[in-house]
Amino acid sequence: MFVSDFRKEFYEVVQSQRVLLFVASDVDALCACKILQALFQCDHVQYTLVPVSGWQELETAFLEHKEQFRYFVLINCGANVDLLDILQPDEEAVFFVCDTHRPVNVVNVYNDTQIKLLIKQDDDLEVPAYEDIFRDEEEDEEHSGSESDEGSEPSEKRTRLEEEIAERTLKRRQRREWEARRRDILFDYEQYEYHGTSAAMVMFDLAWLMSKDLSDMLWWAIVGLTDQWVQDKITQVKYVTDVGVLQRHVSRHSHRHEDEEHALSVDCARISFEYDLRLALYQHWSLHDSLCNTCYTAARFKLWSLHGQKRLQEFLADVGLPLKQVKQKFQSMDVSLKENLREMIEESANKFGMKDMRVQTFSVHFGFKHKFLASDVVFATMSLMESPEDGSGTDSFTQALASLSRGNLDKLYRGLELAKQQLRATQQTIASCLCTNLVVSQGPFLYCSLTEGTPDVVLFSKPASLSLLSRHLLKSFVCSTKNRRCKLLPLVMAAPLSTEQGTVTMVGIPPETDSSDRKNFFGRAFEKAAEGTNSRALHNHFDLSAAAPSSHSRRETGKVVLAGQQDAPASPGRTSWARAAQLPHPQALMELKAEDRSKFLDALVTLLS
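The name given to the protein in an unreviewed UniProt entry is Cell division control protein 45 homolog, with the source organism recorded as Muntiacus reevesi. If you open the UniProt record of the protein and go to Subcellular location (unreviewed entry), you find "Nucleus". In the Sequence similarities (unreviewed entry) part of its UniProt record, the protein is described as follows: "Belongs to the CDC45 family."

J.: Is there a simple way to explain helix α2 (residues 27–42) in this structure?
T.: An α-helix turns once every 3.6 residues. As a result, residues three or four positions apart point the same way. Over its 16 residues, α2 runs 23 Å from end to end, which matches the ideal 22 Å to within 8%, given 1.5 Å per residue. Burial analysis of α2 places 14 of its 16 residues in the buried class, the great majority of the element. In this structure Asp 26 caps α2, since a side-chain oxygen of it lies 3.1 Å from the backbone nitrogen of Asp 28. Within two residues after α2, His 44 carries a phi angle of roughly 55 degrees, on the positive side.

J.: Got a minute to help me understand the pairing of strand β14 (residues 503–509) in this structure?
T.: Taken residue by residue, a regular strand's side chains alternate between the two faces of the sheet. In terms of residue burial, β14 counts as a mostly covered element, since seven of its seven residues are buried. Pairing of strand β13 (residues 491–498) with β14 involves seven bridges; the strand directions are antiparallel. Each bridged residue has a counterpart across the sheet, and for Ala 495 the counterpart in β14 is Thr 505. Connecting β13 to the next strand, β14, in antiparallel fashion are four residues, including Gly 502 with a positive phi near 65 degrees. Here five bridges tie β14 to strand β18 (residues 589–593), and the two strands are oriented antiparallel to one another. Each residue of the ladder has a partner; that of Met 506, found in β18, is Met 590.

J.: Sorry if this is basic, but what is going on with helix α16 (residues 341–351) here?
T.: Here α16 has its buried residues at Leu 341, Ile 345, Ser 348 and Ala 349. Each buried residue of α16 lies within a common arc of 105 degrees when the element is viewed along its axis, so the set occupies one face. Structural note: α16 exposes Glu 347 and Lys 351 on the side pointing more than 90 degrees away from its buried face. Considering only its buried residues, α16 is in contact with β8 (269–277), α11 (287–293), α13 (306–319) and α15 (335–338). Positive phi appears at Gly 353, one or two residues downstream of α16, with a value of about 80 degrees.

Here is what the cut-offs are and how they apply
- The residue numbering used here restarts from 1 in each chain and proceeds along that chain's sequence as written.
- The predicted origin of the model limits local features to residues at a pLDDT of at least 70 and limits the giving and counting of side-chain atom pairs to 80 or more, whereas totals for whole chains, interfaces and linings rest on all residues.
- Side-chain measures here rest on the full set of heavy atoms in the structure, leaving out hydrogens and waters.
- UniProt positions are given in the numbering used here, feature names are shortened, and annotations may be inferred rather than shown by experiment.
- A run of DSSP states H or I qualifies as a helix once it reaches four residues; a run of E qualifies as a strand once it reaches two. Both are numbered from the N-terminal end.
- In this scheme, a helix's expected span is set at 1.5 Å multiplied by one less than its residue total.
- Partly exposed residues are those whose accessible area sits between 20% and 50% of the maximum for their type, while under 20% is buried and over 50% is exposed, using a 1.4 Å probe and protein chains only.
- Counting of polar contacts relies on pairs of N or O atoms within 3.5 Å, with two restrictions inside protein: one atom must be capable of donating a hydrogen and the other of accepting it, and residues adjacent in sequence are counted only when both atoms are side-chain atoms.
- Should DSSP find at least two bridges between two strands, the strands are regarded as paired.
- Along the arc lie the directions from the helix axis toward the C-beta atoms.
- Working rule for contacts: check all heavy atoms of both residues, and any pair within 4.5 Å makes them a contact.

Following this line, the structure appears as structure tokens:
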């Protein structure tokens, strides 16, 4: 059920308990985790933190710890699946779920005992009504006419029997009609996957309600929202609306601290609203490198072509920036050039058809020396979390989480260097795909496959990196193609995951249009295509996923059981490809056996045609 009072129904409940935190591997989840950790430390709440990158890790971790805890907090995982069906917990277990994935599973919405949803109700959830999804029916009496009075006339018995048969027939027809209507309602509800309000913003609202909101918490909320914008998880309207909310908090914090002595101390964190350039990491890079490796400018200049390189030179000349200046570090540029740089670049960008060169964002100053834009921190943290250099996923998670603390700026700067490598590799891969015509039309969608041996392919084996590459590739392709129909097509992309296991990662990206509502329809299509071809597919990622309650609904002889009841426990924790059907799906990002790729794509083409 939805929690209406986060303080009373969530925080005060767990404040005196031992809590287990399951945190997904994305930047927004890390920021929400940092805020909750700060609150727990303030009130001496005992907790254990367990990072989870997929459903299998979540199940395994729950099995290991379920005997030691009663209260579980899930951040950016769990809202879009039937948790009780997946985890099979004891009846005393209580799950608090703060998750941006939509749509929310209807069983979680209407379970009022074990599932507590920490989700903003002002999001456009459109949850179906309870009576349209669940139905509690009395069993029909099989022998309703068997206890008739012995003295009844045969004609009376026959009439009564005919009435009972007609009544049972009517009930069966009504149940079939209700089930057909239920399937249609659930299909409409689950058809698209999208994201709601940032989990970090939800946690910051909790801290604000309790008057415990610190500047660090506000900064983490800003980074969580910016992560959603960088990864195209929310619409521009939603982003601007949430920026307005955070801007009011920034103003409040600025007024609160402006008279305090530590406002200009060496350790202070000063947050400010900015209308800054839409260039990745430009303040920690050279302006030229940033222009070449930012998707927005690279796609519009078409920098993979000689003509695009020439247009970039013309752009810099129009701005009035010498090549010697733009190719050195931004911090080393002449102060006179940097004074009005943003306005000059925006003016020239408008002439070159780039109307959105500046965006609303925030920056933070740590002391007098260190300044970061929110997008800088997002790219750095994401690169640390998905870096192949740090070995295990837990190590990468720990490094990324630590980089968000102002006392670990060395880790943040390392993340910035990794982010530069990732952005360079992304643009080089896009240029390679476009120049060698790897993006092909399959009819209802575009398809691109990275092969083993492609430079830097290992960097795109993780879900967030591959999704970011796919979105940037689609934007660049739309800018480069003259085919109007192809401009309106979605993209399916495949990248090698494990050579030893012979697996690839598949990701589906919705069409790139100005009116895009950021809703992804590939999840259900992937599910149907995999089922129809018996492809060995593993739906193991939280991101871009939406579980289908209709495939997990618990039925007993035609009766839909009310939420909260459980079947006999399955055996969670086994990791195998044959078990894919038991995992939450549909998903727009999944793992697939390489030899099943052809038949899977054929089925997907047929399904979407």
